[in-house]
Amino acid sequence: MILPDRVRERAERLTEALPAYVYDLAALDRHAAAVRRALGDTELYYAVKANPDPALLRTLAPYADGFEVSSIGEVRHLRSVLPDARLALGGPGKTDAELALDVHRVHVESPGELRRLIGMDAPADVLLRVNLAVPVEGASLAMGGGATPFGMDPAGVRECLGLLPASTRVRLRGVHAHLASGLRAPELLGLAETVLAFARELAAGEVDVGGGMAVSYHEPERLFDWETYGRGLARLRAPGETLRVEPGRALTAYCGWYLTRVIDVKRVHGEVFAVVTGGTHHLRTPAAKGHDQPLAVLPTGRAGTGTTGEPVTVVGQLCTPKDVFAREIPLSVNVGDIVAFGLAGAYAWTISHHDFLMHPRPGFHYLT
Ligand SMILES: *Cc1c(COP(=O)(O)O)cnc(C)c1O
């Protein structure tokens, strides 16, 4: 993939200090500004689990109406980084300690959870998380559309509506849905329309239609169509309604780069392997999702020590056949080259098994 000049320059300066993550905060700022513009009156919450790095959170803050958090740890983290930020607390399996946190919105996942919340007799503004029986074909992950542990089917929602009158302190504000991830704008708009129709039956004024905007690891230059999505949501919104989205991946994936260096190029039973410093214990994304992580090679190594244009499998330093970044991709690569993996700004470092094999941790660098 195309490596921006400023990331390339930093990579060359870091040659002896790899592996490392580089976050291009200026690029994130531009991207978030464009998303914000495209969304118009639709509220934007950032799903913190995609990447909770404080520098990224601070970069996003001017464009975000709030942050979607899913644990007591994320709440404490946000409180320390952005003390005034609005927080919406979601996630299945909230403990009593989590339900007792003072947040802007609680996304209720089940009637049992609502009963515990009402039993605490503390003020809470809630959205009911719905899981509607809608088709979610084409999604890379499905959190809804059928039996999953996320949210409630219409029967669960009806049960909640029966519980709510027992409390004056727990107030129903609206409906929340996060049904699938990896969808394009037209499919997400279709889901939003269904969720909105359901919410209107409940006379719920606030509707959070979730995240899940597609990021293509196969065609990294192909971005989610925020313009179409924003216009579509504006058309769907009725006067007086608040619409909200909570993307994670499609906001921060693009600003992150994981930089490594080739240690060895070898041929085994006819196939070529490039072994790089680091591995999927730093960037688990390709192993977790089963894709080839997009990459760029900087020819900083020694000519003649590798291969030219053959299919190469790029692997890390871990002693497991699962430590693979990309399989049999045509590549020219030599020992000492820098390999820069793109789309490493979301679901990357924090979903990785850092301590497996006890290799050193990468450095973290920020381009401002
Ligand atoms: C993970 C998650 C998101 C963000 O999903 P992306 O695919 O990263 O946009 C939003 N809402 C909820 C409830 C989530 O669990």
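Residues numbered from 1 in each chain as written. Predicted model: local features only at pLDDT ≥ 70, side-chain atom pairs only at ≥ 80, totals over all residues. Heavy atoms only, no water.

The name given to the chain in an unreviewed UniProt entry is Diaminopimelate decarboxylase, with the source organism recorded as Sphaerisporangium melleum. Here is the UniProt Cofactor (unreviewed entry) comment for the chain, exactly as written: "pyridoxal 5'-phosphate". We quote the UniProt Sequence similarities (unreviewed entry) comment for the chain here in full: "Belongs to the Orn/Lys/Arg decarboxylase class-II family." (UniProt positions renumbered as here; feature names shortened; annotations may be inferred.)

S.K.: Talk me through the site of the ligand; I want residue IDs and the actual numbers.
M.R.: Residues in close proximity to the ligand total 14 residues, the closest being Lys49, Gly212, Glu246, Arg249 and Tyr347. In the model, a nitrogen atom of the ligand is placed 2.7 Å from a nitrogen or oxygen of the Glu246 side chain. Contact with the protein chains removes 91% of the 390 Å² of surface that the ligand exposes when unbound. Considered class by class, the residues forming the shell around the ligand number 3 nonpolar, 6 polar and 5 charged. (Near = heavy atom within 4 Å. Polar contact = N/O pair within 3.5 Å; in protein donor to acceptor, adjacent residues only side chain to side chain. Areas by Shrake-Rupley, 256 points an atom, 1.4 Å probe, with all protein chains shown as cover. Nonpolar A, V, L, I, M, F, W, Y, C, P; charged D, E, K, R; others polar.)

S.K.: So what about the sheet that holds strand 5 (residues 105–108)? Which residues, and what values?
M.R.: If you trace the 8 strands once around the closed barrel, you get 2-3-4-5-6-8-10-11, paired in parallel fashion. Averaged over all adjacent pairs, the angle separating strand axes in this sheet is 30°, with direction ignored. (Pairing = 2+ DSSP bridges. Helix = DSSP H or I, 4+ residues; strand = E, 2+ residues; numbered from the N terminus. Axes fitted to C-alpha atoms, helices over the stretch in contact; angles between N-to-C directions.)

S.K.: So, the UniProt feature "active site" (unreviewed entry) in the chain: which residues are in play, and what are the values?
M.R.: Listed under "active site" (unreviewed entry) in the UniProt record, and renumbered for this structure, are Cys319. Topologically, Cys319 is positioned in the loop between strand 15 (307–315) and strand 16 (324–333). Residue Cys319 is classed as exposed on the basis of its relative accessible area of 68%. (Buried < 20%, exposed > 50% of the residue type's maximum accessible area, 1.4 Å probe, protein only.)

S.K.: Give a description of the packing of helix 2 (residues 25–39) against helix 9 (residues 226–236) that names residues and reports values.
M.R.: Across the interface, helix 2 lies against helix 9 with an axial gap of 7 Å and an inter-helix angle of 30°. In terms of axis orientation, helix 2 runs roughly parallel to helix 9. Along its contact with helix 2, which presents His31, Val35, Ala38 and Leu39, the element helix 9 presents Trp226, Glu227, Tyr229, Gly230, Arg231 and Leu233. Its residues assigned to classes, the contact of helix 2 with helix 9 shows 6 nonpolar, 2 polar and 2 charged. (Parallel < 35°, antiparallel > 145°, perpendicular 65-115°, else oblique. Contact = heavy atoms within 4.5 Å.)

S.K.: Summarise the packing of aromatic side chains; cite the residues concerned and give the values.
M.R.: Scanning all chains against the criterion turns up 14 aromatic pairs. Summarising the aromatic geometry, the rings of Tyr23 and Phe364 are spaced 6.4 Å apart at their centres and angled 25° between planes, so their arrangement reads as stacked. Within this pair, whereas Tyr23 is found in strand 1 (residues 20–24), its partner Phe364 is found in strand 18 (residues 363–367), the two being separated by 341 residues in sequence. The class of Tyr23 is buried, set by a relative accessible area of 2%. We classify Phe364 as partly exposed; its relative accessible area is 27%. Ring geometry for Tyr23 versus Tyr366: centroids 5.7 Å apart, planes at 35°, classification tilted. (Phe/Tyr/Trp six-rings, centres within 6.5 Å; stacked < 30°, edge-to-face > 60°.)

S.K.: Got a sec to walk through unusual backbone geometry? Specific residues and values, please.
M.R.: Here the amide bond leading from Leu18 into Pro19 is cis, since omega sits at 10°, within 30 degrees of zero. Mapped onto the elements, Pro19 comes out in the loop between helix 1 (5–13) and strand 1. Located in the positive-phi region is Glu328, a residue other than glycine, with phi close to 50°. You can see Glu328 is positioned in strand 16.

S.K.: Quick one: what's the story with the UniProt feature "domain: Orn/DAP/Arg decarboxylase 2 C-terminal" (unreviewed entry) in the chain, residue by residue and with numbers?
M.R.: Mapped onto the present numbering, the UniProt feature "domain: Orn/DAP/Arg decarboxylase 2 C-terminal" (unreviewed entry) falls on residues 21–345. Annotated as 29% helix and 28% strand, the span residues 21–345 places its first and last C-alpha atoms 9 Å apart.

S.K.: Describe the domain arrangement of the chain, naming the residues involved and giving the relevant values.
M.R.: Along its sequence, the chain is organised into domain 1 (5–21 + 254–367) and domain 2 (86–247). For domain 1 and domain 2, the distance between their C-alpha centres works out to 37 Å. Taken together, the contact between domain 1 and domain 2 spans 8 residues of the former and 8 residues of the latter. When residues of domain 1 are sorted by the area they lose upon contact with domain 2, Tyr254, Lys289 and Leu343 head the list and together hold 69% of the total. For the pair domain 1 and domain 2, the interface holds 0 salt bridges. Taken together, the connections running from domain 1 to domain 2 amount to 0 residue pairs in polar contact (both at pLDDT 80 or more). Class assignment of the residues belonging to the side of domain 1 that touches domain 2 gives a composition of 3 nonpolar, 3 polar and 2 charged. (Domains from an automatic or database assignment. Buried area = accessible area lost by both parts, 1.4 Å probe. Salt bridge = Lys/Arg side-chain N within 4 Å of Asp/Glu carboxyl O.)

S.K.: Help me get a handle on the side chain of Thr307, residues and values and all.
M.R.: Take Thr307: it is sitting in strand 15. Accessibility expressed as a relative area gives 8% for Thr307, which makes it buried. Of note is the side chain of Thr307, whose polar atom sits 2.4 Å from the side chain of Glu310. Not counting residues within four places of it along the chain, the set of residues in contact with Thr307 comprises Val265, Val272, Val312, Leu331, Ser332, Val333 and Asn334.

S.K.: Provide a residue-level description of the pattern of salt bridges, including the pertinent values.
M.R.: Using the criterion set out here, one finds 17 salt bridges in the structure. Among the salt bridges present, the one from Arg237 reaches Asp41, with a minimum N-O distance of 3.2 Å. Placement of the pair is Arg237 in the loop between helix 9 and strand 11 (242–245) and Asp41 in the loop between helix 2 and strand 2 (43–47), with a sequence separation of 196 residues. You can call Arg237 partly exposed: its relative accessible area is 27%.

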